[in-house]
Amino acid sequence: ARDDTCQSDTKRLLYVGRMERGKGLLEMVEALALLVERGENVRLDFVGWLEPSDPVLQDIQILASLMGVMDRVEYLGSRPLGPELFACYRASDIFLNASLASEGFPRTIWEAMANSLPVVATRVGSIATYIDGVAELVPPHDIHGLADGISRMIRDSKRRQAYIRDGRKLAQENTLEKRSQEMIEVISHYLTKADKRTC
(Lines give C-alpha, C1' and ligand atoms only; values in the text may rest on other atoms or scores of the structure.)
Protein backbone atom coordinates (compact mmCIF):
# COMPACT_ATOMS: atom_id res chain seq x y z
CA ALA A 1 0.00 0.00 0.00
CA ARG A 2 1.34 3.43 -0.92
CA ASP A 3 1.21 6.46 1.36
CA ASP A 4 1.02 9.14 -1.31
CA THR A 5 0.25 9.87 -4.98
CA CYS A 6 0.85 12.88 -7.28
CA GLN A 7 4.62 12.31 -7.28
CA SER A 8 5.14 12.41 -11.07
CA ASP A 9 5.09 15.53 -13.25
CA THR A 10 1.88 14.41 -14.94
CA LYS A 11 -1.01 13.86 -12.54
CA ARG A 12 -3.29 11.04 -13.70
CA LEU A 13 -7.00 11.37 -13.00
CA LEU A 14 -9.10 8.22 -13.26
CA TYR A 15 -12.78 7.42 -13.68
CA VAL A 16 -14.04 3.83 -13.48
CA GLY A 17 -17.66 2.88 -14.09
CA ARG A 18 -20.45 2.97 -16.64
CA MET A 19 -19.73 5.28 -19.56
CA GLU A 20 -22.86 7.43 -19.42
CA ARG A 21 -23.25 11.19 -19.26
CA GLY A 22 -25.18 11.12 -15.96
CA LYS A 23 -21.84 10.18 -14.34
CA GLY A 24 -20.50 13.66 -15.10
CA LEU A 25 -18.00 12.47 -17.72
CA LEU A 26 -18.28 15.61 -19.87
CA GLU A 27 -17.93 17.76 -16.75
CA MET A 28 -14.69 15.89 -15.95
CA VAL A 29 -13.31 16.82 -19.39
CA GLU A 30 -14.29 20.48 -18.83
CA ALA A 31 -12.64 20.46 -15.39
CA LEU A 32 -9.51 18.93 -16.95
CA ALA A 33 -9.38 21.73 -19.55
CA LEU A 34 -9.79 24.32 -16.77
CA LEU A 35 -6.91 22.77 -14.80
CA VAL A 36 -4.67 22.75 -17.90
CA GLU A 37 -5.57 26.42 -18.45
CA ARG A 38 -4.44 27.07 -14.86
CA GLY A 39 -1.09 25.43 -15.58
CA GLU A 40 -1.67 21.97 -14.09
CA ASN A 41 -0.10 19.02 -15.91
CA VAL A 42 -3.00 16.55 -15.74
CA ARG A 43 -4.51 13.80 -17.87
CA LEU A 44 -7.80 11.90 -17.57
CA ASP A 45 -8.28 8.17 -18.13
CA PHE A 46 -11.68 6.51 -18.44
CA VAL A 47 -12.19 2.82 -17.69
CA GLY A 48 -15.67 1.41 -18.06
CA TRP A 49 -18.52 -0.21 -19.86
CA LEU A 50 -20.05 1.49 -22.87
CA GLU A 51 -23.80 2.03 -22.77
CA PRO A 52 -25.26 1.34 -26.26
CA SER A 53 -27.98 3.92 -25.68
CA ASP A 54 -25.50 6.71 -24.79
CA PRO A 55 -22.86 7.81 -27.34
CA VAL A 56 -21.02 9.74 -24.62
CA LEU A 57 -17.58 8.49 -25.68
CA GLN A 58 -17.98 10.23 -29.03
CA ASP A 59 -19.10 13.40 -27.22
CA ILE A 60 -16.09 13.17 -24.87
CA GLN A 61 -13.75 13.04 -27.88
CA ILE A 62 -15.48 16.00 -29.59
CA LEU A 63 -15.44 18.08 -26.39
CA ALA A 64 -11.80 17.21 -25.59
CA SER A 65 -10.83 18.21 -29.12
CA LEU A 66 -12.76 21.51 -28.93
CA MET A 67 -11.16 22.32 -25.56
CA GLY A 68 -7.64 21.47 -26.74
CA VAL A 69 -7.09 18.52 -24.39
CA MET A 70 -7.55 15.61 -26.82
CA ASP A 71 -4.01 14.37 -26.10
CA ARG A 72 -4.78 14.32 -22.35
CA VAL A 73 -7.95 12.20 -22.46
CA GLU A 74 -7.98 8.45 -23.07
CA TYR A 75 -10.57 5.69 -22.96
CA LEU A 76 -8.84 2.50 -21.81
CA GLY A 77 -11.80 0.17 -22.36
CA SER A 78 -13.42 -1.97 -19.69
CA ARG A 79 -11.46 -4.03 -17.17
CA PRO A 80 -12.70 -7.07 -15.24
CA LEU A 81 -12.78 -6.77 -11.46
CA GLY A 82 -9.41 -8.04 -10.24
CA PRO A 83 -5.68 -7.46 -10.80
CA GLU A 84 -6.05 -5.74 -14.18
CA LEU A 85 -8.50 -3.17 -12.84
CA PHE A 86 -6.59 -2.71 -9.57
CA ALA A 87 -3.45 -1.95 -11.62
CA CYS A 88 -5.35 0.97 -13.22
CA TYR A 89 -6.15 2.36 -9.77
CA ARG A 90 -2.54 2.01 -8.64
CA ALA A 91 -1.20 3.70 -11.80
CA SER A 92 -3.35 6.79 -11.11
CA ASP A 93 -3.08 9.75 -8.74
CA ILE A 94 -6.69 10.84 -8.08
CA PHE A 95 -10.01 9.04 -8.54
CA LEU A 96 -12.97 11.05 -9.86
CA ASN A 97 -16.67 10.44 -9.41
CA ALA A 98 -18.64 13.43 -10.69
CA SER A 99 -22.18 11.99 -10.77
CA LEU A 100 -24.77 14.65 -11.52
CA ALA A 101 -27.73 13.19 -9.64
CA SER A 102 -28.53 10.98 -6.71
CA GLU A 103 -27.47 7.35 -6.96
CA GLY A 104 -26.54 4.43 -4.75
CA PHE A 105 -23.03 4.38 -3.37
CA PRO A 106 -20.58 3.53 -6.21
CA ARG A 107 -18.56 0.38 -5.52
CA THR A 108 -15.68 1.92 -7.47
CA ILE A 109 -15.06 4.45 -4.69
CA TRP A 110 -14.34 1.59 -2.26
CA GLU A 111 -12.09 -0.04 -4.88
CA ALA A 112 -10.16 3.21 -5.36
CA MET A 113 -9.72 3.73 -1.61
CA ALA A 114 -8.67 0.09 -1.10
CA ASN A 115 -5.96 0.71 -3.72
CA SER A 116 -4.65 3.82 -1.89
CA LEU A 117 -6.16 6.27 -4.37
CA PRO A 118 -7.54 9.55 -3.00
CA VAL A 119 -11.06 10.45 -4.14
CA VAL A 120 -12.74 13.61 -5.44
CA ALA A 121 -16.50 13.07 -5.68
CA THR A 122 -19.71 15.05 -6.02
CA ARG A 123 -21.94 15.35 -2.99
CA VAL A 124 -24.90 13.32 -4.31
CA GLY A 125 -26.95 10.42 -2.97
CA SER A 126 -25.33 8.48 -0.15
CA ILE A 127 -21.76 9.46 -1.07
CA ALA A 128 -21.46 12.10 1.66
CA THR A 129 -23.00 9.73 4.23
CA TYR A 130 -20.20 7.23 3.78
CA ILE A 131 -17.09 9.24 2.90
CA ASP A 132 -17.50 12.79 4.23
CA GLY A 133 -14.15 13.66 5.80
CA VAL A 134 -12.19 10.98 3.93
CA ALA A 135 -12.60 12.39 0.39
CA GLU A 136 -12.77 15.77 -1.32
CA LEU A 137 -16.51 16.37 -1.85
CA VAL A 138 -17.72 19.00 -4.33
CA PRO A 139 -21.15 20.16 -5.60
CA PRO A 140 -22.58 18.41 -8.69
CA HIS A 141 -22.87 20.35 -11.99
CA ASP A 142 -20.05 22.68 -10.84
CA ILE A 143 -17.06 22.58 -13.22
CA HIS A 144 -15.06 25.14 -11.22
CA GLY A 145 -15.86 23.33 -7.97
CA LEU A 146 -14.66 20.03 -9.44
CA ALA A 147 -11.46 21.62 -10.77
CA ASP A 148 -10.87 23.31 -7.39
CA GLY A 149 -11.33 19.99 -5.57
CA ILE A 150 -8.78 18.32 -7.84
CA SER A 151 -6.38 21.27 -7.37
CA ARG A 152 -6.65 20.99 -3.59
CA MET A 153 -5.89 17.28 -3.82
CA ILE A 154 -2.83 17.92 -6.01
CA ARG A 155 -1.46 20.84 -3.99
CA ASP A 156 -2.15 19.82 -0.36
CA SER A 157 0.02 16.78 0.34
CA LYS A 158 -1.00 16.49 4.02
CA ARG A 159 -4.67 16.48 3.11
CA ARG A 160 -4.06 13.99 0.30
CA GLN A 161 -2.05 11.62 2.49
CA ALA A 162 -4.74 11.74 5.19
CA TYR A 163 -7.42 10.90 2.60
CA ILE A 164 -5.35 7.97 1.33
CA ARG A 165 -4.74 6.62 4.84
CA ASP A 166 -8.29 7.15 6.14
CA GLY A 167 -9.91 6.01 2.89
CA ARG A 168 -7.94 2.77 2.87
CA LYS A 169 -8.92 2.10 6.48
CA LEU A 170 -12.59 2.83 5.74
CA ALA A 171 -12.57 0.55 2.68
CA GLN A 172 -11.06 -2.27 4.74
CA GLU A 173 -13.80 -1.85 7.36
CA ASN A 174 -16.52 -1.78 4.71
CA THR A 175 -16.76 -5.49 4.08
CA LEU A 176 -19.83 -7.35 2.84
CA GLU A 177 -20.00 -9.20 6.16
CA LYS A 178 -20.10 -5.95 8.16
CA ARG A 179 -22.78 -4.37 5.94
CA SER A 180 -24.85 -7.60 6.06
CA GLN A 181 -24.67 -7.64 9.86
CA GLU A 182 -25.79 -3.99 10.02
CA MET A 183 -28.74 -4.79 7.72
CA ILE A 184 -29.73 -7.79 9.89
CA GLU A 185 -29.68 -5.55 12.99
CA VAL A 186 -31.86 -2.90 11.29
CA ILE A 187 -34.38 -5.53 10.10
CA SER A 188 -34.43 -7.22 13.53
CA HIS A 189 -35.03 -3.86 15.21
CA TYR A 190 -37.86 -3.09 12.79
CA LEU A 191 -39.47 -6.53 13.28
CA THR A 192 -39.25 -6.23 17.05
CA LYS A 193 -41.07 -2.87 16.91
CA ALA A 194 -43.66 -4.30 14.49
CA ASP A 195 -44.29 -7.24 16.87
CA LYS A 196 -44.90 -4.85 19.77
CA ARG A 197 -47.40 -2.85 17.70
CA THR A 198 -49.44 -5.95 16.82
CA CYS A 199 -49.79 -7.06 20.46
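Residues numbered from 1 in each chain as written. Predicted model: local features only at pLDDT ≥ 70, side-chain atom pairs only at ≥ 80, totals over all residues. Heavy atoms only, no water.

1. Overview of the side chain of Ser151
Step number 1: Within the element layout of this structure, Ser151 appears in helix α6 (residues 143-155).
Step number 2: Look past the residues within four positions of Ser151 in its chain and what remains in contact with it is Leu35, Arg38 and Glu40. (Helix = DSSP H or I, 4+ residues; strand = E, 2+ residues; numbered from the N terminus. Contact = heavy atoms within 4.5 Å.)

2. Here's the deal with the environment of Pro140
Step number 1: As for its placement among the helices and strands, Pro140 is situated in the loop between β6 (136-138) and α6.
Step number 2: Separated by 19 residues in the primary sequence, Pro140 and Ala121 place their C-alpha atoms 8.6 Å from one another.
Step number 3: Other than its neighbours up to four places away in sequence, Pro140 contacts Ser99, Leu100, Thr122, Arg123 and Val124.

3. Observations regarding a nonpolar patch on the surface
Step number 1: Taken together, the side chains of Ile62, Leu66 and Met67 make up a nonpolar region of the molecular surface, amounting to roughly 310 Å² of accessible area.
Step number 2: Note that Met67 resides in the loop between α2 (56-66) and β3 (73-75). (Patch = residues over 30% accessible without salt bridge, like charges linked within 9 Å, V, L, I, M, F, W, Y side chains within 5 Å. Areas by Shrake-Rupley, 256 points an atom, 1.4 Å probe, with all protein chains shown as cover. Salt bridge = Lys/Arg side-chain N within 4 Å of Asp/Glu carboxyl O.)

4. Quick notes on the packing of aromatic side chains
Step number 1: Enumeration according to the criterion identifies five aromatic pairs in this entry.
Step number 2: When the centroid spacing of 5.9 Å and the interplanar angle of 55 degrees are considered together, the rings of Tyr89 and Phe95 count as tilted.
Step number 3: We classify Tyr89 as buried; its relative accessible area is 0%.
Step number 4: Owing to a relative accessible area of 0%, Phe95 belongs among the buried residues under this scheme.
Step number 5: A ring pair is formed by Phe105 and Trp110, whose centres lie 4.7 Å apart and whose planes are at 35 degrees; its orientation type is tilted.
Step number 6: Linked through ring pairs, Phe105, Trp110 and Tyr130 together constitute an aromatic cluster. (Phe/Tyr/Trp six-rings, centres within 6.5 Å; stacked < 30°, edge-to-face > 60°. Buried < 20%, exposed > 50% of the residue type's maximum accessible area, 1.4 Å probe, protein only.)

5. A word on the sheet that holds β6
Step number 1: Pairing is parallel in the open sheet, where six strands are placed in the order β3-β2-β1-β4-β5-β6. Each end of this open sheet is capped by a strand with a single partner; those strands are β3 and β6. Strand-to-strand twist across the sheet, computed as the mean angle between neighbouring axes with direction ignored, equals 20 degrees.
Step number 2: Along the sheet face, helix α4 (residues 107-114) touches β1 (11-19), β2 (42-50), β4 (94-97) and β5 (119-122) and points at about 170 degrees away from the line of β4. (Pairing = 2+ DSSP bridges. Axes fitted to C-alpha atoms, helices over the stretch in contact; angles between N-to-C directions.)

6. Some points on unusual backbone geometry
Step number 1: Of note in the backbone geometry, Ser116 takes a positive phi value of approximately 60 degrees without being a glycine.
Step number 2: By the secondary structure assignment, Ser116 is in the loop between α4 and β5.
Step number 3: The class of Ser116 is buried, set by a relative accessible area of 3%.
Step number 4: Of note in this structure, His141 is not a glycine but carries a positive phi near 60 degrees.
Step number 5: Within the fold, His141 resides in the loop between β6 and α6.

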